Structure formats: structure tokens, C-alpha cells
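Structural overview for review
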Amino acid sequence: MSVLDGILDGVREDLARRQAETPLAELQARVADLPPCLDPLPRFREPGVSIIAEVKRKSPSKGALADIPDPAHLAAAYAAGGAAAISVLTEERRFGGTLADLDAVRENVTLPVLRKDFIVTPYQLWEARAHGADLALLMVVSLDGGLLADLLGLARDLGLTPLVEAHTAAEVDRAAEVGADLIGINARDLTTLHVDRAVFRDLAPLIPAGAVKVAESGVSTPEDVAEYRKWGADVVLVGEALVRSGDPRSSIEKFLTA
């Protein structure tokens, strides 16, 4: 069993519990009363590089990263530093996140908010929308057959912007085939957790013209952001380096001016 397989098993167990507690009809009723989602793409397409700053407590590869008692306060610091969007990890077992974190961030920032999780069912997209997300992560590696296209279509129907994540050339091709206009290249292989930033360099040219390119994982310094930008990134998603920095606002400013 790969690392990803183990994560997905836990995700499905936790999902079953939430579905038992909160019926889909309840989520749909909540969504009906919400304002439209914020569109991150105009900001992402502006000249220069944009930063998606992540609320991330821990990871399978590094364990505990930071004590984050108030995710809303952290998100506000990200916004003050110039982040274009906020990513909130909501997976519980390996990343220590919750949907309550998403609620807290949504209530306290006016930037677009990404629900970052291992989304494998329509229910999770309804959850994302009901809890205030504007974007939702769809990982090609975990969505077989027509499921990727189905979830991308539902995300758009709900007003969410799908961030479609790839790690191989074949996965980039699948993202392009379903018409994704926001494509992330994760430098981390989720089956092994190995990180190789050159994966973005090699795969970015395969992303169709017009699609926004997002570099994910492997950022420790402003120079890393600058290199991703040199390789064609429009957006860089940063988590660990920010939560460990001690001064996330200043760190984002440095990333943006690198």
C-alpha cells in the first residue's frame, strides 16, 4: 500500500462519519443561501507571481509543523502580506485540519479560499461550498476514469474554481483533457512523499496555453519561489515555510519580491 492509499482509506472513513452526521440535503440547503464564490483567476493572471498561502498544522512527511490555535489570525497575516488566496487543509488524520478551520478563515478574510483535501466524492464538493470555499483541490492521481471530469463539472456548477493537481506527464494530459484552467504541478510524489522541484520545470511546458500554472511543494526560501517563476509558474502554493517562519506576513512579502 502506498502512502496515498493509506491517506485515502482514512479520508473515506472520516467522510462516512460526516455523511452520517450531516445529510447531503442539509449541505445543499446551506449552499442555496450563500453568496457567489470569489473568482481567483483574474488575480492569478496578473503580471508577476501570486502566492497561495496555506494553513497547515502537520504533514505525513514532517509530522507536526506548527501550533495554529487561531487559523483566522494566521490567514489575516497572510492577507496582509499580499497573498492572493488562502489554502486551508481540512484533512484530519495526517494534516490535522478540520472544516472548522475553513469556517474560521472564511469568516475573517475577503480573499478566495481553497479547500485543500483529498476530494473523491461529490459530497466533499458540497461540503467545500457549504463551508465557504471558493476553490477546491482535485488530484488527478486519486480520481480514476470519468470521476475527474464529473467532479470538475460539479465544482464549476457550484461556483467553485477547481485546482486540478498533477505530478506526471500523463496526469497533466488528463487535466488538459477535462478542460482545467487552473493546473497545479505538485513537486511531491504523494505515493512516496519524495519531493523533486524539477518536476515542475519538466511538466510546466505541457500545460496548455491559457491555463494558469501553479507550483506546489518544495518551497523553503524566496529563491525557490523565484526559480518556480522562472520556470513559468503564475502561482506558487506555500505552506510549511510560512507556518514555520515566525513572521508569515513578512515571509510572503519576501516571496513576492524575490
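Now for a quick tour of the structure.

What counts, and where the lines are drawn
- Residues numbered from 1 in each chain as written.
- Predicted model: local features only at pLDDT ≥ 70, side-chain atom pairs only at ≥ 80, totals over all residues.
- Heavy atoms only, no water.
- Pairing = 2+ DSSP bridges.
- Helix = DSSP H or I, 4+ residues; strand = E, 2+ residues; numbered from the N terminus.
- Axes fitted to C-alpha atoms, helices over the stretch in contact; angles between N-to-C directions.
- Contact = heavy atoms within 4.5 Å.
- Buried < 20%, exposed > 50% of the residue type's maximum accessible area, 1.4 Å probe, protein only.
- Right-handed = clockwise from strand over helix to strand, strands pointing away.

Description of the sheet that holds strand β7 (residues 161-166)
Pairing is parallel around the closed barrel formed by eight strands, whose spatial order is β1-β4-β5-β6-β7-β8-β9-β10. Strand after strand, the sheet turns through a mean of 25° between neighbouring axes, direction not considered. As paired elements, strand β4 (residues 85-89) and strand β5 (residues 113-116) share four bridges and run parallel to each other. Residue pairing in the sheet places Ser 87 in a bridge with Leu 114 of β5. Sitting on the sheet, helix α7 (residues 147-157) is in contact with β6 (135-139) and β7, with an inclination near 155° to β7.

A look at the pairing of β7
Regular strands have side chains that alternate between both faces of the sheet. The buried count for β7 comes to six of six residues, which makes it a mostly enclosed element. Across the two faces of β7 the burial is the same, with Thr 161, Leu 163 and Glu 165 and Pro 162, Val 164 and Ala 166 all buried. Here β6 runs beside β7; their pairing, made up of five bridges, is parallel. Each bridged residue has a counterpart across the sheet, and for Leu 137 the counterpart in β7 is Leu 163. Once the chain exits β6 it traverses α7 before rejoining the sheet at β7, and the crossover so formed is right-handed. Pairing analysis gives three bridges linking β7 to strand β8 (residues 182-186), with the strands arranged parallel. Paired with Glu 165 across the two strands is Gly 184, which belongs to β8.

Geometric descriptors of this kind do not, in isolation, establish any biological role.
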